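Fold and contact review
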Amino acid sequence: MSPAGTFWLFTCEHGGNRVPPRWRECFRGAHAALESHRGWDLGALSLFRTLLRRYADAGFHATVTRLLVDLNRSEGHPRHFSEYTRGLGHEARERILAKFYRPYRAAVSTCVAEALTSHPRVVHIGVHTFTPVLAGRERAFEVGLLYDPSRRAERAWTSGWAAALRGCSDLRVRRNQPYRGASDGLTTTLRRRFGPRYLGIELEVNQALWRGGRWDGAVRAALVESLAVLHSRQELARQGGRY
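The following refers to the structure shown. (Residues numbered from 1 in each chain as written. Predicted model: local features only at pLDDT ≥ 70, side-chain atom pairs only at ≥ 80, totals over all residues. Heavy atoms only, no water.)

1. A few points about unusual backbone geometry
Here the amide bond leading from glutamine 177 into proline 178 is cis, since omega sits at 5°, within 30 degrees of zero. Inspection of the secondary structure assignment puts proline 178 in the loop between strand 7 (173-175) and helix 5 (186-194). A positive phi angle, near 55°, is found at alanine 135, a position not held by glycine. With respect to the helices and strands, the residue alanine 135 is situated in the loop between strand 4 (133-134) and strand 5 (137-138). Since its relative accessible area comes to 77%, alanine 135 is described here as exposed. Residue asparagine 176 is not a glycine yet carries a positive backbone phi of 55°. Positionally, asparagine 176 belongs in the loop between strand 7 and helix 5. (Helix = DSSP H or I, 4+ residues; strand = E, 2+ residues; numbered from the N terminus. Buried < 20%, exposed > 50% of the residue type's maximum accessible area, 1.4 Å probe, protein only.)

Have a look at this one:
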């Protein structure tokens, strides 16, 4: 991609449920939690790698379980640490932050800062998946696109992505579901730091697709094709058209 174009950044904060050896004692008896949606985003890392190869200028991912420390939460958030690590002493929690959390967040932030020195804007897509049923309520759609509705560029970008997805598939797409895009998260932090030239979008895909065997077929193809539409539009805009 030309240095004058949009810089595409992909991240995957919940790509695995790995427990580092030093902290395994904290998770004795926690196998079910680690294997559930609480421990990781099933399928997210595979999808991240597909999109990274095709579109990204840069990418970052993590495979340590979010139950050790959630990389997508701000420090001090009630769910930053889980019940398995919340009760550790201050020094132990600081070791976790210094080893896993702060280096990851700093690397992503530095990447955005450097990209904005030579690109007009950064589009950051955080790749996540969600459990199809939570607290007894079914989430009856396949794809969620999260954004901050107060930011015009993010509204336009997600509207275009949703339209492209619907145009190339029968996927049910919702904006700002199953979560609100302006809630606490990595994108929220980066918006505050970098302003309107940074667009923070979170992709949420229903884990039922993975379990149902549709992931590697139409769903993955639709996500790839829809981003190709946006990529080509932005390239036309860079060459003097409108988008």
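2. Examining the packing of aromatic side chains
Overall, the coordinates contain six aromatic pairs when judged by the stated rule. Consider the rings of tryptophan 8 and tryptophan 157, whose centres lie 5.8 Å apart with planes at 70°: the pair is edge-to-face. Of this pair, tryptophan 8 sits in strand 1 (residues 7-12) while tryptophan 157 sits in helix 4 (residues 152-168), and the two are 149 residues apart along the sequence. In this structure tryptophan 8 comes out as buried when scored by relative accessible area, which is 0%. On the basis of relative accessibility, which here comes to 1%, the residue tryptophan 157 falls in the buried class. Relative to phenylalanine 141, the ring of phenylalanine 130 lies with its centre 5.2 Å away and its plane at 35°, an arrangement referred to as tilted. Remark: phenylalanine 141 occurs in the loop between strand 5 and strand 6 (143-146) and phenylalanine 130 occurs in strand 3 (residues 122-130); sequence separation between them is eleven residues. Overall, phenylalanine 141 belongs to the buried group, its relative accessible area being 5%. Within the aromatic cluster, the residues linked to one another by ring pairs are Trp8, Phe10, Tyr55, Trp157 and Trp161. (Phe/Tyr/Trp six-rings, centres within 6.5 Å; stacked < 30°, edge-to-face > 60°.)

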